[in-house]
Amino acid sequence: MLFKQQVWLRQKLLVLGSLAVGSLLYLVARVGSLDRLQPICPIEGRFGARGQAEFPLRALQFKRGLLHEFRKGNVSKEQVRLHDLVQQLPKAIIIGVRKGGTRALLEMLNLHPAVVKASQEIHFFDNDENYAKGIEWYRKKMPFSYPQQITIEKSPAYFITEEVPERIYKMNSSIKLLIIVREPTTRAISDYTQVLEGKEGRIKLITSLRSWQ
Ligand SMILES: Nc1ncnc2c1ncn2[C@@H]1O[C@H](COP(=O)(O)OS(=O)(=O)O)[C@@H](OP(=O)(O)O)[C@H]1O
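This one's a predicted model, so the numbers in the text were calculated from it and none came from an experiment.

A.B. asks: Any chance you could explain the overall build of the protein chain here in plain terms?
C.D. replies: Counting its regular elements, the protein chain contains 9 helices and 6 strands. Per-residue burial over the protein chain gives 27% buried out of 213 residues. Sequence separation of 24 or more characterises 76% of the internal contacts of the protein chain that already satisfy a separation of 6 or more.

Okay, here's the thing in structure tokens:
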């Protein structure tokens, strides 16, 4: 009887032991795979010792929340500045091509915690009127970011405007210019459709305004 109980106990211990070892192996494997999911270009290196404590995700979420409140008018510019947030000139610009998927590229780059996008096309370098407003005007159009982050903007018109290369070079001769291309026929059709849609929209607006007179 005693012998039977001992065997039963040993079997139970064996099952529990293998369960514990199995769970341990699973945890080790999972932590290993999480390690491999780290970004290819880890941002910690860019942020130095202080940044390491703040980054990546929690500080980023906090910053996005802060900026959201700032846009709603619930937080002052001074409070934003208190958190070391600044408006920086871009270190990379998506210059084109139009209808090549520039928006998609910008959004994808913006997923990286070290990148902050300007949400609108600024048209600073291709539009003489905007360019005449000066570099400070351009900087003020940029989103708030941490000094170690990279600001990025996109204006596909930069690719087809003659004055642009010289103007960008004057601002920063080592800036990264990004270009995305698309199968030419599909791109041209897409571009043509957009222009036509815009023109038709404008004609409809003018006709309806005239009918008011
Ligand atoms: N990943 C990927 N691959 C291929 N094509 C893509 C991709 N992402 C976006 N798109 C298509 O790109 C078109 C929009 O391009 P842009 O964002 O550059 O447009 S714009 O110039 O800023 O108006 C738009 O094309 P159309 O659908 O022909 O309008 C998008 O569908």
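A.B. asks: What should I look at first to understand unusual backbone geometry in this one?
C.D. replies: The amide bond that connects G96 to the next residue, V97, takes the cis arrangement and shows omega of 0°. Along the chain, V97 turns up in the loop between strand 2 (92-96) and helix 5 (102-110). For K99, which is not a glycine, the phi torsion comes out positive at approximately 60°. Note on placement: K99 falls in the loop between strand 2 and helix 5. The exposure class assigned to K99 is partly exposed, which follows from its relative accessible area of 28%. Despite not being glycine, H123 has its phi angle at roughly 55°, a positive value. Mapped onto the elements of the fold, H123 is located in the loop between strand 3 (115-117) and helix 6 (128-132). In this structure H123 comes out as partly exposed when scored by relative accessible area, which is 24%.

A.B. asks: Hey, could you run me through the sheet that holds strand 3 in this one?
C.D. replies: The pairing of strands in a sheet happens through backbone hydrogen bonds and is either parallel or antiparallel. Across the sheet, 4 strands lie side by side as 3-5-2-6; this open sheet has parallel pairing. Single-partner strands in this sheet number two, and they are strand 3 and strand 6 (176-179). With direction set aside, neighbouring strand axes in the sheet form an average angle of 30°.

A.B. asks: Sorry if this is basic, but what is going on with the site of the ligand here?
C.D. replies: The environment of the ligand is formed by 14 residues, the closest being K99, T102, R103, K154 and S190. With respect to the ligand, the side chain of R182 contributes an N or O atom lying 3.1 Å from an oxygen atom. Here the ligand loses 55% of its free accessible area of 650 Å² to cover by the protein chains. Going through the elements one at a time, helix 5 and helix 9 (184-212) are the ones with two or more residues in the shell around the ligand. At 3 residues, helix 5 tops the list of elements feeding residues into the shell around the ligand.

A.B. asks: Can you walk me through the layout of surface pockets in this structure?
C.D. replies: Take a probe with the size of a water molecule and roll it over the atoms, and the empty space left behind shows itself. Counted as a void, the largest pocket has a volume near 520 Å³. Every element with two or more residues in the lining of the largest pocket is listed here: helix 3 (57-72) and strand 3. Counting residues per element, the lining of the largest pocket draws most heavily on helix 3, which supplies 6 residues. A class-by-class count of the residues in the lining of the largest pocket yields 8 nonpolar, 5 polar and 7 charged.

A.B. asks: How should the packing of aromatic side chains be read in this particular structure?
C.D. replies: What describes a pair of aromatic rings is the distance from one ring centre to the other and the angle between the planes of the rings. According to the stated counting rule, one finds 7 aromatic pairs in the structure shown. Centroid distance F124 to Y131: 5.1 Å. Interplanar angle 50°. Geometry classified as tilted. Centre to centre, the rings of F125 and Y138 are 5.1 Å apart; their planes meet at 75°, and the pair counts as edge-to-face. Highlighted residues: F125 in the loop between strand 3 and helix 6 and Y138 in helix 7 (residues 135-140), separated in sequence by 13 residues. Of the residues examined, F125 reaches a relative accessible area of 0% and is grouped as buried. Under the relative-accessibility criterion, Y138 is labelled buried at 0%.

A.B. asks: What am I meant to see in the pattern of salt bridges here?
C.D. replies: Oppositely charged side chains are able to pair whenever their charged atoms sit close together. One pass over the structure, following the stated rule, counts 7 salt bridges. A salt bridge links D191 to R98; the shortest N-O distance between them is 2.7 Å. Taken together, the residues D191 in helix 9 and R98 in the loop between strand 2 and helix 5 connect sequence positions 93 residues apart. Note that R139 is salt-bridged to E136, the shortest N-O span being 2.8 Å. Within this pair, R139 and its partner E136 are both found in helix 7, separated by 3 residues, close to a single helical turn.

What counts and how
- Residues numbered from 1 in each chain as written.
- Predicted model: local features only at pLDDT ≥ 70, side-chain atom pairs only at ≥ 80, totals over all residues.
- Heavy atoms only, no water.
- Helix = DSSP H or I, 4+ residues; strand = E, 2+ residues; numbered from the N terminus.
- Buried < 20%, exposed > 50% of the residue type's maximum accessible area, 1.4 Å probe, protein only.
- Contact = heavy atoms within 4.5 Å.
- Pairing = 2+ DSSP bridges.
- Axes fitted to C-alpha atoms, helices over the stretch in contact; angles between N-to-C directions.
- Near = heavy atom within 4 Å.
- Polar contact = N/O pair within 3.5 Å; in protein donor to acceptor, adjacent residues only side chain to side chain.
- Areas by Shrake-Rupley, 256 points an atom, 1.4 Å probe, with all protein chains shown as cover.
- 1 Å grid on protein atoms, 1.4 Å probe; cavity = no way out; pocket = protein on both sides within 12 Å on 5 of 7 lines; lining within 4 Å.
- Points joined across faces, edges and corners; volume = space filled by probe spheres on them.
- Nonpolar A, V, L, I, M, F, W, Y, C, P; charged D, E, K, R; others polar.
- Phe/Tyr/Trp six-rings, centres within 6.5 Å; stacked < 30°, edge-to-face > 60°.
- Salt bridge = Lys/Arg side-chain N within 4 Å of Asp/Glu carboxyl O.

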